[in-house]
Amino acid sequence: MLGENQRDSDEDSEDDESFLPNWGCLRSGNNMLNIPTQAFPAPGSQQRVAPSGQSGRNKVALKPGHSLMDWIRFSKSGKDLTGLRGRLIEVTKEELQKHNTRDDCWTCIRGMVYNVTPYMDYHPGGEEELMKAAGMDGTDLFDQVHRWVNYESMLKECLVGRMATITTKAAMPPPSAMGLAPPQLLAPPPDKDSRPRYDWFQTDVAVHLVVYAKRKIPSSGCTIVDLKGGVLRLEVLLGKMSYMIHLSLADEVEGNLEANTGFSVGKIQISIRKQAKGKWTSLGQPLESHNTFLRKKDRALYYRDCVLVSKTEVNHNSHVFRLQLPRGTVMHVPVGKHVYLKALIKDTEVVRPYTPVDQSLAAASHNSSQESDLYLMIKVYPDGVFTPHLSSLHIGDCVSISGPEGTFSLRPLHDVTHLYLLAAGTGFTPMARLIQQALQDTDTMRKTKLLCFNRREEDILWRCELDDLAANTDRFQVEYVLSDPCDSWSGRTGRVEESMLEEFLTRPEGSKCYVCVCGPTAFTEITIGLLKQQGFSEEELHAFQG
């Protein structure tokens, strides 16, 4: 099935098109490439997000001088971006609807109205995407595309004011035919018997919190615990749902904790040591969102500050950043999921997605739930906004990191015999842990093959480790494709094309195949299109995208 996830990127690199076929019609539209009209990637991607079956958005080529950094500079220039000379007003629905043109565009996000006219030429998705919310409430559209973006920081100089609230008395519904039946909710809450619950018990020296998920915890699920200043925040991810416990604990506790998850029985136990012996009369006081069971996409992102422990060079422009979670935090990022990094750059919050790797390909992919470090393989773009900031950090500096995000699940791989991974540039990062996961599956997985696309030989990530892995197991094979090889290169050359994929992706009789693709947006779209032309169904494909 087509899913989403994130390639590790700052801005699109200058060599993104080096992975693509040399088709002159590339810039003139997908129809000329005979690419399916379905949106790639699927819902949730950084580049585009749309409800299933609807077309998503593409990044557009911005005019020179209209990058994110240029917008930050422009918004801080002191110019009046609202047209109201610094006044904040209350905006009625009727007034909002008047501002619905390219040259006069207001939109509302979560009750706040912004004049986005000055931002039109800076928007990576183009003016067409912004105009979809012109003169109306754009909250749902915004959440579909990039709920993780801090729009309040990005657009604070464009703030017009708050939407006027209208209080109306709700009309009583007419009696039902039965006379007694209450009106039915349009979106009923989860069945009380199916929603998770929690309990707690204690000894003189420790308190133990137990969550009963009432279902098996899927491989894509996980438990995230943050204990800070006597406040406990526990989130359990169960597929598309999120269960949260948020408490101010009744008494002082030690900073460390222990978390144990029984995936097959759906039980999580958190153990925390008390600072002083004794009995508690209660676990604590509930805080915002305590004991709630919501769709994951409706849960606000939560960040914690992680410490940079080391930077290890991978090649001439990429490093593995090792980040240590704070004391009191337990977080394991499942295979195929990503996290968001957030930083304040020139007084503006900037957020980027990155997919964790393990310390090396030799490391086990099923890290302990007590793992306290994250490893992120990041390419530094000299002209970017975010990665130069990361590169400038010193050991001991902090980075804000979210919990796991993304829809990828290992479930489709349970009976797969042949796994094919197609990666361009830093699109390799989600594949690293997938390789390890596949090699651990000795029951059904017979072959894992990786095809890596790069411009030059020195751009290949973890080449020595990949070659060593292929040399030591016949169940893994790797090939490299260079678009700008040196004279001594004897491997594959060129760009992604139909004949190359036909040769690489074999379908032995009786096999079940699955293909994962990750790279720049255009690479992913073209590759997925070619795979579908070769007969691969949506259930056999997953598009990671950045």
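Naming follows an unreviewed UniProt entry, where the chain appears as Cytochrome b5 reductase 4 of Gymnodraco acuticeps. One UniProt comment on the chain, placed under Sequence similarities (unreviewed entry), says "Belongs to the flavoprotein pyridine nucleotide cytochrome reductase family." In its Catalytic activity (unreviewed entry) section, UniProt records this for the chain: "2 Fe(III)-[cytochrome b5] + NADH = 2 Fe(II)-[cytochrome b5] + NAD(+) + H(+)".

Caption draft 1: Spotlight on the overall build of the chain. Tallying secondary structure elements over the chain gives 10 helices and 28 strands in all. Scored against the burial criterion, the 546 residues of the chain give a buried share of 50%. Across the chain, every contact between residues at least 6 apart in sequence was considered, and the portion connecting residues at least 24 apart equals 73%. Accessible surface, the chain as shown: approximately 26,300 Å² in total, 50% of it carbon and sulfur.

Caption draft 2: Region of the structure containing the nonpolar core. Residues W71, L155, L341, F386, L390 and I401 are the most contacted members of the largest nonpolar core, which totals 45 residues. Excluding its chain neighbours within four sequence positions, the residues that come into contact with L341 are V350, V351, R352, Y354, L376, F386, L390, V399, S400 and I401. A423, A432, F476 and Y514 belong to the second-largest nonpolar core, a separate cluster that totals 37 residues.

Caption draft 3: Seen up close, the sheet that holds strand β1 (residues 89–91). The strand order across the open sheet built from five strands is β1-β5-β4-β3-β2, with neighbouring strands paired in mixed fashion. The two strands at the open ends of the sheet, each matched to only one other strand, are β1 and β2 (100–101).

Caption draft 4: Representation of the confidence of the model for the chain. Here the chain averages 83 in pLDDT, while 82% of its residues score no lower than 70. Across the chain, strand β25 (residues 476–482) holds the top mean pLDDT of 97, while helix α4 (residues 139–146) sits lowest at 78. Per-residue pLDDT stays below 50 along residues 168–189; that stretch engages in two contacts with residues further than four places along the chain or on separate chains.

Caption draft 5: View of the environment of A343. Inspection of the secondary structure assignment puts A343 in strand β18 (residues 339–345). With relative accessibility at 10%, the residue A343 sits in the buried group. Residue contacts for A343: discarding those within four places in its chain leaves T348, E349, V350, F386 and H389.

Caption draft 6: Just the pattern of salt bridges, in detail. One pass over the structure, following the stated rule, counts 24 salt bridges. Across the salt bridge formed by E235 and R233, the nearest N and O atoms sit 3.5 Å from each other. Accessibility assignment for this pair places E235 and R233 in one class, buried. The residue E457 makes a salt bridge to R463 at a minimum N-O spacing of 2.5 Å. On the basis of relative accessibility, which here comes to 31%, the residue E457 falls in the partly exposed class. The structure contains a network of salt bridges with shared partners spanning K63, R102, D121 and E127.

Caption draft 7: Broad picture of the sheet that holds strand β26 (residues 492–493). With respect to topology, six strands assemble into an open sheet ordered β26-β25-β24-β23-β27-β28, the strand pairing being parallel. The outermost strands of the open sheet, each flanked by one partner alone, are β26 and β28 (541–543). By the bridge criterion, seven bridges tie strand β23 (residues 418–424) to strand β24 (residues 447–454) in an arrangement that is parallel. Counted as the bridge partner of L422 is L451 from β24. Packing against the sheet, helix α8 (residues 463–472) makes contact with β24 and β25, and its axis sits at approximately 140° to β25.

Reading guide: rules and limits
- Residues numbered from 1 in each chain as written.
- Predicted model: local features only at pLDDT ≥ 70, side-chain atom pairs only at ≥ 80, totals over all residues.
- Heavy atoms only, no water.
- UniProt positions renumbered as here; feature names shortened; annotations may be inferred.
- Helix = DSSP H or I, 4+ residues; strand = E, 2+ residues; numbered from the N terminus.
- Buried < 20%, exposed > 50% of the residue type's maximum accessible area, 1.4 Å probe, protein only.
- Contact = heavy atoms within 4.5 Å.
- Areas by Shrake-Rupley, 256 points an atom, 1.4 Å probe, with all protein chains shown as cover.
- Core = buried A, V, L, I, M, F, W, Y, C linked by side-chain atoms within 4.5 Å.
- Pairing = 2+ DSSP bridges.
- pLDDT = per-residue confidence, 0-100.
- Salt bridge = Lys/Arg side-chain N within 4 Å of Asp/Glu carboxyl O.
- Axes fitted to C-alpha atoms, helices over the stretch in contact; angles between N-to-C directions.

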